Amino acid sequence: MADKELEAKVKEVLDAYRPNLLADGGDMEFISLDDQNRVHVKLIGACGSCPMATMTLKMGVESYVKDAIPEITEIVQEM
């Protein structure tokens, strides 16, 4: 899959997950997709300051994205 196609798919999957974050007053912003297929995002709103943000990111967002797009290796939180 070409980088632009993969990035578009990642954004689509993140948008599909977004309502889960919005329900708790949070959200996320796509930052980039690097050459190791790691997705860089920034958690914002309530998620940005939540002590459970790392667990949300790894067990929620990362799990969801990797299930949908096996090429993705990791979700990385940017500050």
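Residues numbered from 1 in each chain as written. Predicted model: local features only at pLDDT ≥ 70, side-chain atom pairs only at ≥ 80, totals over all residues. Heavy atoms only, no water.

(A) Structural detail: the nonpolar core. By size, the foremost hydrophobic cluster in this structure holds 20 residues, and its most contacted members are Leu14, Val39, Val61, Ile72 and Ile75. At the level of secondary structure, the elements contributing two or more residues to this core comprise helix 1 (3-22), strand 1 (26-33), strand 2 (38-45) and helix 3 (53-68). When residues in this core are grouped by element, the largest group, 6 residues, is from helix 1. Among residues more than four places away in sequence, those in contact with isoleucine 72 are Leu6, Val10, Leu33, Asn37, Val39, Val65 and Lys66. (Core = buried A, V, L, I, M, F, W, Y, C linked by side-chain atoms within 4.5 Å. Buried < 20%, exposed > 50% of the residue type's maximum accessible area, 1.4 Å probe, protein only. Helix = DSSP H or I, 4+ residues; strand = E, 2+ residues; numbered from the N terminus. Contact = heavy atoms within 4.5 Å.)

(B) A look at unusual backbone geometry. The phi torsion at asparagine 37 lies on the positive side, around 60°, for a residue other than glycine. Secondary-structure assignment places asparagine 37 in the loop between strand 1 and strand 2.

(C) Layout of the pattern of salt bridges. For the coordinates displayed, the defined rule picks out 7 salt bridges. Ionic pairing is found between aspartate 34 and arginine 38, a salt bridge with its closest N-O pair at 2.7 Å. A relative accessible area of 18% means that aspartate 34 is categorised as buried. Arginine 38 sits in the partly exposed class, given a relative accessible area of 27%. Across the pair glutamate 74 and lysine 58 runs a salt bridge whose closest N-O atoms are separated by 3.2 Å. Of this pair, glutamate 74 sits in strand 3 (residues 74-77) while lysine 58 is found in helix 3, placing the two residues 16 residues apart along the sequence. (Salt bridge = Lys/Arg side-chain N within 4 Å of Asp/Glu carboxyl O.)

(D) Inspection of the packing of aromatic side chains at higher detail. Counted by the stated rule, this structure contains 1 aromatic pair. Taking the centre distance of 5.2 Å and the plane angle of 50° together, the rings of tyrosine 17 and tyrosine 64 count as tilted. Of this pair, tyrosine 17 sits in helix 1 while tyrosine 64 sits in helix 3, and the two are 47 residues apart along the sequence. Of the residues examined, tyrosine 64 reaches a relative accessible area of 35% and is grouped as partly exposed. (Phe/Tyr/Trp six-rings, centres within 6.5 Å; stacked < 30°, edge-to-face > 60°.)

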